[in-house]
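Coordinate inspection notes
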Amino acid sequence: MIEINGTLVSPGKGGVYGEKMINGYRIWDPYRSKLSALWYLDKSTDIASDEVVLYLGAANGTTVSHVADYAESVYAVEFAPRPMQDLLEVAKRRKNIIPVFADATRPKEYAGFLEAADLLYQDVAQPDQTSIIRKHLPFVKAGGRVILMLKTRSVDIRKSPEEVFCEACKELEDAGLSVEKTFWLSPYHADHAAIVCKKI
Ligand code: SAM
């Protein structure tokens, strides 16, 4: 990833969502993007130019657009019609974003459109986040990375964030992933944890 004077940036054409520019690069704001927040907490986070990314929970394409500035291609899955309209506009300006209008709980419906991913990134903010990861593991290359942005309050409001987080890590390990690193995304995003895994 590229940083300018400690600020994370990405190298694409600006004007996607009103983001600020610095020296011709797009500023990638950690308060608007959990993946940017993860970079500020763990500067080893990287996306290489030959990587295929499968992105679940694309919303209006804010983070997707930055990921696409780095990656070879981004398959961006979103099921809500309104953000999908914005995502389609973003995808028109970047040749390497493939929008997938579908429900991430039913990957069989779009499996035929996908290619094997180097990075599976998930930010759907739903109760069944680990189950959605499990269903997408067949689309991740061996040795590939999986990053789950876990919104603990969406999973079970009655349990503490730490309890939800520990259960999610165990479920990911049970699914055959190796949990490599974990971070709470505060102060950028409250009650969110990033769980960085490797597919063995
Ligand atoms: N990742 C986005 C970003 O950084 O710009 C923000 C994502 S927002 C927290 C969660 C998104 O996931 C919403 O747009 C929601 O519609 C989408 N979503 C939730 N459940 C989904 C599902 N089962 N399939 C596809 N998209 C889903």
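Structure shown above.
Residues numbered from 1 in each chain as written. Predicted model: local features only at pLDDT ≥ 70, side-chain atom pairs only at ≥ 80, totals over all residues. Heavy atoms only, no water.

Moving on, we come to the nonpolar core. By size, the foremost hydrophobic cluster in this structure holds 33 residues, and its most contacted members are Leu-35, Leu-38 and Val-67. Within the residue set of this core, elements represented by two or more residues are helix H1 (34-41), strand S5 (52-56), helix H2 (62-70), strand S6 (73-78), helix H3 (81-92), strand S8 (117-122), strand S9 (140-151) and strand S11 (192-199). With near-sequence residues (within four places) excluded, Val-67 lies in contact with Trp-28, Leu-35, Ile-47, Val-53, Tyr-55 and Val-74. In this structure, Ala-168, Leu-177, Ala-193 and Ile-195 belong to the second largest nonpolar core, which totals 30 residues. (Core = buried A, V, L, I, M, F, W, Y, C linked by side-chain atoms within 4.5 Å. Buried < 20%, exposed > 50% of the residue type's maximum accessible area, 1.4 Å probe, protein only. Helix = DSSP H or I, 4+ residues; strand = E, 2+ residues; numbered from the N terminus. Contact = heavy atoms within 4.5 Å.)

Approximately 210 Å³ is the volume found for the largest pocket. Surrounding the largest pocket, 15 residues form its lining, Gly-57, Phe-79, Ala-104, Val-124 and Gln-126 being those nearest its centre. Tallied by class, the residues present in the lining of the largest pocket amount to eight nonpolar, three polar and four charged. Counted by class, the lining of the second largest pocket contains three nonpolar, seven polar and three charged residues. (1 Å grid on protein atoms, 1.4 Å probe; cavity = no way out; pocket = protein on both sides within 12 Å on 5 of 7 lines; lining within 4 Å. Points joined across faces, edges and corners; volume = space filled by probe spheres on them. Nonpolar A, V, L, I, M, F, W, Y, C, P; charged D, E, K, R; others polar.)

Strand order in the open sheet made by the four strands is S1-S2-S4-S3, with antiparallel pairing throughout. Since the sheet does not close on itself, it has two edges, and those belong to strand S1 (2-4) and strand S3 (21-22), each with one partner. In the packing of H2 onto the sheet, the strands contacted are S1, strand S2 (7-10) and strand S4 (25-27), and the crossing angle to S2 comes to about 75°. (Pairing = 2+ DSSP bridges. Axes fitted to C-alpha atoms, helices over the stretch in contact; angles between N-to-C directions.)

Applying the stated criterion across every chain yields a total of six aromatic pairs. Between Tyr-40 and Tyr-188, the ring centres sit 6.0 Å apart and the planes meet at 45°, which makes this aromatic pair tilted. In this pair, Tyr-40 is assigned in helix H1 and Tyr-188 in the loop between strand S10 (177-184) and S11, connecting sequence segments 148 residues apart. Taking the relative accessible area as the measure of exposure, Tyr-40 reaches 23% and is therefore partly exposed. Between Tyr-55 and Tyr-121 the ring centres are 4.7 Å apart and the planes differ by 50°, which places this aromatic pair in the tilted class. (Phe/Tyr/Trp six-rings, centres within 6.5 Å; stacked < 30°, edge-to-face > 60°.)

Of the consecutive residues Ser-186 and Pro-187, the connecting peptide bond is found in the cis state with omega at 10°. Locating Pro-187 in the fold gives a position in the loop between S10 and S11. At Asn-5, a position not held by glycine, the phi torsion is positive, near 50°. Tracing the backbone through its elements, the reader meets Asn-5 in the loop between S1 and S2. Under the relative-accessibility criterion, Asn-5 is labelled exposed at 78%. Positive phi, normally seen in glycine, also occurs at Asn-23, with a value near 50°. Secondary-structure assignment places Asn-23 in the loop between S3 and S4.

So, about the site of the ligand. In the region of the ligand, 17 residues are neighbours, and Tyr-55, Thr-63, Glu-78, Ala-104 and Asp-123 sit closest. One nitrogen or oxygen atom from the main chain of Gly-57 is found 2.9 Å from a nitrogen atom belonging to the ligand. Within the backbone of Ala-104, an N or O atom sits 2.8 Å from a nitrogen atom of the ligand. Compared with its free state, where it exposes 600 Å², the ligand has 85% of that area covered by protein. At a threshold of 2 Å from the grid points, most atoms of the ligand map onto the largest pocket. For the shell around the ligand, a count of residues per class yields eight nonpolar, five polar and four charged. (Near = heavy atom within 4 Å. Polar contact = N/O pair within 3.5 Å; in protein donor to acceptor, adjacent residues only side chain to side chain. Areas by Shrake-Rupley, 256 points an atom, 1.4 Å probe, with all protein chains shown as cover. Sits in = over half its atoms within 2 Å of the grid points.)

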